[in-house]
2 protein chains.
Amino acid sequence: MTRSAILDHAVKLASQVGLSGLTIGHLAEDLKLSKSGVFAHFQSKEALQIQVLETAAQRFVEEVVKPALGEPRGEPRLRAIFQRWLGWAKSQQTPGGCLFVAASVELDDRPGPVRDRLVELQSEWLALIANVVRAGIAEKEFRLDADPEQLAHDLYAVMLGYHHASRLLQDPRAQARANAAFDNLIGACRQTRRTA
Amino acid sequence: MTRSAILDHAVKLASQVGLSGLTIGHLAEDLKLSKSGVFAHFQSKEALQIQVLETAAQRFVEEVVKPALGEPRGEPRLRAIFQRWLGWAKSQQTPGGCLFVAASVELDDRPGPVRDRLVELQSEWLALIANVVRAGIAEKEFRLDADPEQLAHDLYAVMLGYHHASRLLQDPRAQARANAAFDNLIGACRQTRRTA
DNA sequence: CCTACCGATCGGTAGG
DNA sequence: CCTACCGATCGGTAGG
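Residues numbered from 1 in each chain as written. Chains lettered and ligands numbered in written order. Predicted model: local features only at pLDDT ≥ 70, side-chain atom pairs only at ≥ 80, totals over all residues. Heavy atoms only, no water.

Caption draft 1: View of the relation of the copies chain B and chain A. When chain B is fitted to chain A, the residual RMSD is 0.0 Å, and the transformation amounts to a turn of 180° plus an axial shift of 0.0 Å. Here the symmetry operator amounts to a two-fold rotation axis. Proximity to the rotation axis, assessed at the C-alpha, singles out Ala157(B) in chain B; its C-alpha lies 2.5 Å from the axis. Interface overlap between copies: 100% of the residues of chain B at the interface are likewise at the interface in chain A, consistent with a symmetric, same-surface contact. (Least-squares fit on C-alpha atoms with pLDDT ≥ 70 in both. Contact = heavy atoms within 4.5 Å.)

Caption draft 2: Structural view of the packing of aromatic side chains. In this structure the tally under the stated criterion is 14 aromatic pairs over all chains. Taking the centre distance of 6.1 Å and the plane angle of 85° together, the rings of Phe60(B) and Phe100(B) count as edge-to-face. Taken together, the positions of Phe60(B) in helix 4 (residues 45–69) and Phe100(B) in helix 6 (residues 99–107) put the pair 40 residues apart, joining distant regions of the chain. Accessibility expressed as a relative area gives 7% for Phe60(B), which makes it buried. In this structure an aromatic cluster arises from ring pairing among Phe60(A), Trp85(A), Trp88(A), Phe100(A), Trp125(A) and Tyr156(A). (Phe/Tyr/Trp six-rings, centres within 6.5 Å; stacked < 30°, edge-to-face > 60°. Helix = DSSP H or I, 4+ residues; strand = E, 2+ residues; numbered from the N terminus. Buried < 20%, exposed > 50% of the residue type's maximum accessible area, 1.4 Å probe, protein only.)

Caption draft 3: Examining the nonpolar core more closely. Grouped together as the largest cluster of nonpolar side chains are 141 residues, with contacts concentrated most on Val52(A), Phe100(A), Val52(B) and Phe100(B). Ignoring anything within four residues of it in the chain, the contact list for Phe100(B) reads Leu53(B), Ala56(B), Ala57(B), Phe60(B), Trp88(B), Leu118(B), Leu121(B) and Gln122(B). (Core = buried A, V, L, I, M, F, W, Y, C linked by side-chain atoms within 4.5 Å.)

Caption draft 4: Summary view of the pattern of salt bridges. Scanning the entire structure with this criterion turns up 28 salt bridges over all chains. Arg59(A) is the partner of Asp8(A) in a salt bridge, and the nearest nitrogen-oxygen pair spans 2.7 Å. Within this pair, whereas Asp8(A) is found in helix 1 (residues 3–21), its partner Arg59(A) is found in helix 4 (residues 45–69), the two being separated by 51 residues in sequence. Measuring nitrogen to oxygen at the nearest pair gives 3.0 Å for the salt bridge that ties Glu62(B) to Lys66(B). Within this pair, Glu62(B) and its partner Lys66(B) are both found in helix 4, separated by 4 residues, close to a single helical turn. Within this structure, Glu75(A), Arg79(A), Asp183(A) and Arg190(A) form a network of salt bridges that share partners. (Salt bridge = Lys/Arg side-chain N within 4 Å of Asp/Glu carboxyl O.)

Caption draft 5: Region of the structure containing the interface of chain B and chain A. With 42 residues of chain B at the contact, the number on the chain A side is 42 residues. In total, about 3,200 Å² of surface goes out of reach between chain B and chain A, with carbon and sulfur atoms giving 58% of it. Interface area lost by chain B to chain A is led by His153(B), Leu168(B) and Arg177(B), which between them contribute 20%. The interface formed by chain B and chain A includes 6 salt bridges. For Asp109(B), the salt bridge is made with Arg167(A), and the minimal N-O distance between the two is 3.6 Å. Across the chain B-chain A interface, the total number found is 12 residue pairs in polar contact (both at pLDDT 80 or more). (Buried area = accessible area lost by both parts, 1.4 Å probe. Polar contact = N/O pair within 3.5 Å; in protein donor to acceptor, adjacent residues only side chain to side chain.)

Caption draft 6: Quick look at helix 6 of chain B. Extensive coverage of helix 6 of chain B is indicated by the burial of 9 of its 9 residues. Three or more residues of helix 6 of chain B are buried, namely Leu99(B), Phe100(B), Val101(B), Ala102(B), Ala103(B), Ser104(B), Val105(B), Glu106(B) and Leu107(B).

Caption draft 7: Focus on helix 1 (residues 3–17) of chain B. All names here are of chain B. An ideal rise of 1.5 Å per residue puts 21 Å on 15 residues; helix 1 measures up with 20 Å between its terminal C-alpha atoms. Looking at the buried positions of helix 1, the neighbouring elements they touch are helix 2 (24–31), helix 3 (35–39), helix 4 and helix 6. Of the residues trailing helix 1, glycine 18 is marked for its positive phi of about 85°. (Expected span 1.5 Å × (residues − 1).)

Written out as structure tokens, the structure reads:
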């Protein structure tokens, strides 16, 4: 049993039960290994939790970031980011929803290296979105006075709202609501081509 | 030791460690009771979890809903709801942030009576916000074509974004960002008084 | 409200 | 990778 196969399953499990609900015993049983066999791959539960975050982050880059960055700068690229982000949140790879959403709420008041790494990853992601917005401003697709950090923050909020509506409330209109919120935000900072 | 004193502390504890992280033993130690002394007040951990939700919901009504409903219909009332909601999320009464946010992520894939009750409470809250929007439309403060459910959903998303920015990222601009997002949403559905 | 206890499970270790 | 084990803690029960 390879370490990466263990981490693969651990990411799935953690999306359902959280990073602290994730136990070495449960992992071992699912993979038909002994507890100590699983434990030997990591030196502590904390190290396992961090490796789970790293594994999910790598997968997020492959499934969301890289393909979206292949789209043309400006609105198409921002739209691709958003759509793939929603897709990630309902991916069968993380059956419990977005692992980062679960971990954010779980760790927001638990200081330590796991939380620190999560904050780094989330900050990098927000900065990347802001850069995509900045590129759109430079391309004159977005207004010069658009606020890239505010828009990145707002898009994060829309994604959290989608997560709440689709997963907890099981609202069939969740995706339509998220799309409407996205269009509203984009519309407000789209460059209006003046006819004068 | 009264049952309500136990629940009072349980709400605080649950906001920090979640409804499943909440343990009878931890509760007993903090309150200097025996485990079975605490347990005797409830018949199961599940019943305790539901009572924690009920206690928090009652407090939410007292601190957020009732005062806001004292404001004039339309924008002032919606603004009061939003401001008090943010205040609730950083209240010292729930040191781990909004209990409902924590419970939503924790329970979104754990079927059962606790989750069912949470969904009811959250749905009622969204419906109440939508009704406040509807009253604002009737007062002609908001546009006739404003969508009350969409706006309620969007305000929920802004609150989740605030929670994430302030608690996980510890962004000092979190409140300013939430206010900007609120103003943006309200501005889009404010009745434009035509001069014609 | 208490003491005393149950079987299960936790993270982790010893030794191989 | 394994068996066998550690002390701690879990939800819950018996009996008072």
